[in-house]
Amino acid sequence: MNRIDKKFKDLRKKRKKAFIAFIMAGDPSLGVTKKLIFELENNGADIIELGIPFSDPLADGPTIQRSSGRAVKNKANIDSVSDLVKDVRSRTGVPIVYLIYYNLIHHYGVEKFVRKASSSGVDGVVVPDLPPEESLSLRRAAEKHSFCVIHLAAPTSSEARLKKISAASSGFIYYVSLTGTTGIRTDLPKELFGNLARIKKLTNKPVCVGFGISKPEQVRMVSRAADGAIVGSAIIKKIEENLGKKDLVKKVGKFVGGLTCTQ
Amino acid sequence: MLPDKHGRFNGFGGKFVPETLMVALDELEKAYKKALKDAKFRQELKILLADYAGRPTPLYFAKNLSKQTGARIYLKREDLLHTGAHKINNTLGQVLLAVKMGKTRIIAETGAGQHGVATATAAAAFGLPCDVYMGTEDIRRQSLNVFKMKLLGARVIPVTSGSKTLKDATNEAIRDWVTNVRMTHYVLGSVVGPHPYPAMVRDFQTVIGKETKKQVLKREKKLPDFLVACVGGGSNSIGLFHPFFKTNVKFIGVEAGGLGLSTGKHGAALCKGTPGVLHGSRSYLLQDKDGQIKIAHSISAGLDYPGVGPEHSYYKEIKRAQYVTVNDKEGLEGFHMLSEIEGIIPALESSHAIYYAVKKLAPKAGKNKIIAVCLSGRGDKDIDIVKANQ
């Protein structure tokens, strides 16, 4: 059983929900990213979503766009980030999934990417611009390595599409809370909970919710209705606020600790 | 006929977009297919193109250039259309479709500003609000078009990310669409993007090639030997080429050579790029060793784009078309040449095609060979740049 499935099994036993923390590899540097992985785990992150930066992140809002820009400059790429994961893998069992735009995988080679990532200890991948219609070659390569391909579902997805997404997904389903890009929102959309009830009826795979979640009460509300909450931009914003400061890692850890303790 | 039902041209194209947009693309594809078969829609569009845009456009026999070169050079005068370029063929079609789909807001991306002006124009004609995303670098280069869009009642939203040009304006328009997808129609300006855009924009632009075919046949009693058009995203060129696909007519697409291919500062996705995925489809593009998208360069804002339409990638792979480059300096020379010799001031984009046809192709093609060049736009918008480069 891969680490993601095992994690959800353990959480279910404990009647707990997953907290998934997103950070961009290479922002502010690959060295700090390594420290952040441990810090996030120690502060209650159940799964780490690790971004590999792309020059044109069209599903992302300004915060993650800026983070991608910094990380691209720091030469974070599939090879360097996979080497980083390989290094931390000897010391942690926390599931790690990549968040990566498809051109980077396409350019690297689909088979080669899955081999590199899984042999480095990465457990799965989220590709924001790859719907199930286009993910067949990635899924075929992933199956051989029990590597998870996590697809996204959206508020606009029809019932037929939700079924297709569920069938194509392994590990969990990433439910996009709103129509829009990543980024902090004051309020989550009212229809989110109705939408979650709808998708939960159609799948028995874990459903985790991302986009717009930044506050402890939002994490708590989402965790009640779904199998996990994903926080990205709010963590990146914390990193951004502490760029160049010595206690960046601690500050980010403390912030994440504040989000997870209420779950 | 391609694309297939997955929106693929032999492996190019597809739908590489966030899930949020998938339903909107399906809805658009259905509405578009229905409109194609709907006699009333076709009639409405035909009247708009004739009475509002000014179609058919003339095919002008460029007698002075022909005399100089020995070839028979024809210019398809898309520059004479309302708003000054071929872009209006597509925006009228798409905005009419948006109205039929019940959409209440229009957005667009623009590089040179021609597509932005054409979209703002169509939106004004149908009484829809319109937001146009434009890179700040292009806003600087194309201030006249920015002012025109504002006059037409559109909002021009400056984009400061990345290269601050067409690529980034397109990212930002897609982000807007993801956010407002239910009531907004995104009028993409070229044969790029996810399916059905490359096919739909092509179909709205094939009016260029269909008219050219008829007009050349009438004048010459035979088909042309060569078709020449510039390629940024590739809409005027596909529009000219596609109706001739099954003939023996040779296609030449002219990409931006920028400061020279060896400098890396150019817009030649087909000549110097490799296949990749950008803005929703798989096609040739300019990228670095990691797959990060490179910043394109061209003196002409409309050719300043690191990608190209998937159908062009297909034409390249099956060798149906030949793709060549013309650099900034040569493009400028084409601009001056057409102005002085034929009394027509062309857009800098079209000047690339003119230069290639007159300077490179005609001398080699042989006497009396018929060359039809797409004069995709007029040059008013480029006067400042040309002045600055004198």
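Residues numbered from 1 in each chain as written. Chains lettered and ligands numbered in written order. Predicted model: local features only at pLDDT ≥ 70, side-chain atom pairs only at ≥ 80, totals over all residues. Heavy atoms only, no water.

### A look at the pairing of strand S9 (residues 228–231) of chain A
All names here are of chain A. Just so we agree on the cut-off: Note on classification: 1.4 Å probe, protein chains only; a residue is buried when its accessible area is under 20% of the maximum for its type, exposed when over 50%, partly exposed between these limits. We count a stretch as a helix when DSSP gives it H or I for four or more residues in a row; a strand needs E for two or more, and each element gets its number in order from the N terminus. Strands qualify as paired when DSSP identifies two bridges or more between them. By the criterion used throughout, a crossover qualifies as right-handed when its path from the first strand across the helix to the second strand runs clockwise, the strands pointing away from the viewer.
Neither face of S9 is exposed, since Gly228 and Ile230 on one face and Ala229 and Val231 on the opposite face are all buried. Of the strand pairs in this sheet, strand S1 (residues 18–24) and S9 are connected by 4 bridges, and their pairing is parallel. When the sheet's bridge partners are listed, Ile20 is paired in S9 with Ile230. Strand direction decides the pairing type here: strand S8 (residues 207–210) and S9, joined by 2 bridges, are parallel. Across the sheet, Val209 pairs through a bridge with Ala229, a residue of S9. One crossover worth recording links S8 to the parallel S9 by way of helix H10 (residues 216–225), and it is right-handed.

### A closer look at a nonpolar patch on the surface
Residue and element names in this part refer to chain B. Filter applied, for reference: Patches draw on residues past 30% relative accessible area with no salt bridge. Two like charges within 9 Å are joined, as are two nonpolar side chains (Val, Leu, Ile, Met, Phe, Trp, Tyr) within 5 Å. Surface accessibility follows the Shrake-Rupley procedure with a 1.4 Å probe radius. Residue values consider only the protein chains on display as shielding. Salt bridges are defined by distance alone: a side-chain nitrogen of Lys or Arg within 4 Å of a carboxyl oxygen of Asp or Glu.
On the surface, Phe147, Leu151 and Leu152 cluster together into a nonpolar patch covering about 310 Å² of accessible area. Structurally, Leu152 is set in the loop between helix H7 (143–151) and strand S7 (155–159). On the basis of relative accessible area, Leu152 is assigned to the partly exposed category, the value being 31%.

### Structural notes on the layout of surface pockets
This is how it is decided: Lining residues are those with an atom within 4 Å of a point, where the points come from a 1 Å grid over the protein atoms alone and group into cavities, where a 1.4 Å probe fits but cannot get out, or pockets, open sets with protein on both sides within 12 Å along at least five of seven lines. Grid points are joined across faces, edges and corners, and a volume is the space filled by probe spheres set on the points. Each residue is assigned to one of three groups, with Ala, Val, Leu, Ile, Met, Phe, Trp, Tyr, Cys and Pro labelled nonpolar, Asp, Glu, Lys and Arg labelled charged, and all others, Gly among them, labelled polar.
Its volume calculated, the largest pocket comes out at about 760 Å³. Lining the largest pocket are 23 residues, with Leu49, Asp203, Thr206, Val207 and Lys210 of chain B sitting closest to its centre. Among the secondary structure elements, those contributing two or more residues to the lining of the largest pocket are helix H1 (19–37), helix H2 (39–53), helix H9 (197–205) and helix H10 (207–220) of chain B. With 7 residues, H2 of chain B is the largest single contributor of residues to the lining of the largest pocket. Grouping the amino acids of the lining of the largest pocket by side-chain chemistry returns 12 nonpolar, 4 polar and 7 charged. Computed from the structure, the second largest pocket encloses a volume of approximately 520 Å³. Every element with two or more residues in the lining of the second largest pocket is listed here: helix H3 (62–73) of chain A together with helix H8 (166–180) of chain B. With 8 residues, H3 of chain A is the single largest residue contributor to the lining of the second largest pocket. Class assignment of the residues belonging to the lining of the second largest pocket gives a composition of 6 nonpolar, 9 polar and 9 charged.

### Topic: the sheet that holds S7 of chain B
Within a sheet, neighbouring strands are paired by backbone hydrogen bonds and run either parallel or antiparallel to one another. Residues and elements named next belong to chain B. What counts here: Axis lines are fitted through C-alpha atoms, for helices just across the contact stretch, and the angle between N-to-C directions can take any value from 0 to 180 degrees. Contacts are assigned to residue pairs with any non-hydrogen atoms lying within 4.5 Å of each other.
Pairing is parallel across the open sheet formed by 4 strands, whose spatial order is S7-S6-S5-S8. The open sheet has two free edges, formed respectively by S7 and strand S8 (184–187), since each of these has just one partner strand. Across the sheet, the mean angle separating the axes of adjacent strands is 25 degrees when strand polarity is ignored. Where helix H4 (residues 87–100) meets the sheet, its contacts fall on strand S5 (105–110) and S8, and the angle it forms with S8 comes to roughly 165 degrees.

### Some words on H7 of chain B
Residue pairs spaced three or four apart in an α-helix point in one direction, given the helix's 3.6 residues per turn. Residue and element names in this part refer to chain B. As a reminder, the rule being used: Working note: the arc is built from the helix axis to C-beta atom directions.
Considered for burial, the residues of H7 that qualify are Asn145, Val146 and Met149. End-on, the buried residues of H7 take up no more than an arc of 105 degrees, which puts them together on one face. Across from the buried face of H7, at angles greater than 90 degrees, the exposed residues are Phe147, Lys150 and Leu151. Against the buried residues of H7 lie S5, helix H5 (114–126), strand S6 (130–135), helix H6 (136–141) and S7. Following H7 by one or two positions, Gly153 adopts a phi angle in the positive range, close to 90 degrees.

### Here we look at the pattern of salt bridges
All names here are of chain B. Throughout the structure, instances matching the rule amount to 46 salt bridges over all chains. The partner of Glu220 in a salt bridge is Arg72, and the shortest N-O contact between them spans 2.6 Å. On the criterion of sequence distance, the pair formed by Glu220 in helix H10 and Arg72 in strand S4 (residues 72–77) is long-range, its members being 148 residues apart. In this structure, Glu137 engages Arg141 in a salt bridge whose closest nitrogen and oxygen atoms are separated by 4.0 Å. Taken as a pair, Glu137 and Arg141 lie in helix H6 at a separation of 4 residues, close to a single helical turn. Given the relative accessible area of 13%, Arg141 is considered buried. Each of Glu137, Asp138, Arg140, Arg141 and Asp304 takes part in one network of salt bridges that share partners.

### Brief notes about the interface of chain A and chain B
Reports of interface size often rely on the accessible area that becomes lost once the parts have come together. The criterion, for reference: Take the accessible area each of two parts loses on contact, using a 1.4 Å probe, and add the two losses: that sum is the buried area. Between N or O atoms, a polar contact is any pair within 3.5 Å; within protein, one atom must be a potential hydrogen donor and the other a potential acceptor, and residues adjacent in sequence are included only when both atoms are from side chains.
Contact residues are listed per partner, giving 35 residues for chain A and 37 residues for chain B. With both chains or domains summed, chain A and chain B bury close to 2,800 Å², and 50% of this area falls on carbon and sulfur atoms. Connecting chain A to chain B are 3 salt bridges. Where Glu134 of chain A meets Arg8 of chain B, a salt bridge forms, and the shortest distance between an N and an O atom there is 2.3 Å. Along the contact surface separating chain A from chain B lie 24 residue pairs in polar contact (both at pLDDT 80 or more). Taken together, the elements giving at least two residues each to the side of chain A that touches chain B come down to H3, helix H5 (102–108), strand S6 (152–153) and helix H8 (159–168) of chain A. When grouped by side-chain class, the residues that make up the side of chain A that touches chain B number 17 nonpolar, 12 polar and 6 charged.

### Concerning the confidence of the model for chain B
Here is the rule: Summary of the metric used: pLDDT quantifies the predictor's per-residue confidence within the range 0 to 100.
Model confidence for chain B is summarised by a mean pLDDT of 97, while 100% of its residues fall at 70 or above. On the interface metric, ipTM, the complex scores 0.96, and its pTM is 0.97.

### Here's the deal with the pairing of strand S3 (residues 96–99) of chain A
Residues and elements named next belong to chain A. Neither face of S3 is open: one carries Ile96 and Tyr98, the other Val97 and Leu99, and all of them are buried. Direction of pairing for strand S2 (residues 47–51) relative to S3: parallel, over a ladder of 4 bridges. Counted as the bridge partner of Gly51 is Leu99 from S3. Bridging between S3 and strand S4 (residues 124–126) involves 3 bridges; their strand directions are parallel. Within S4, the residue paired with Val97 across the bridge is Gly124.

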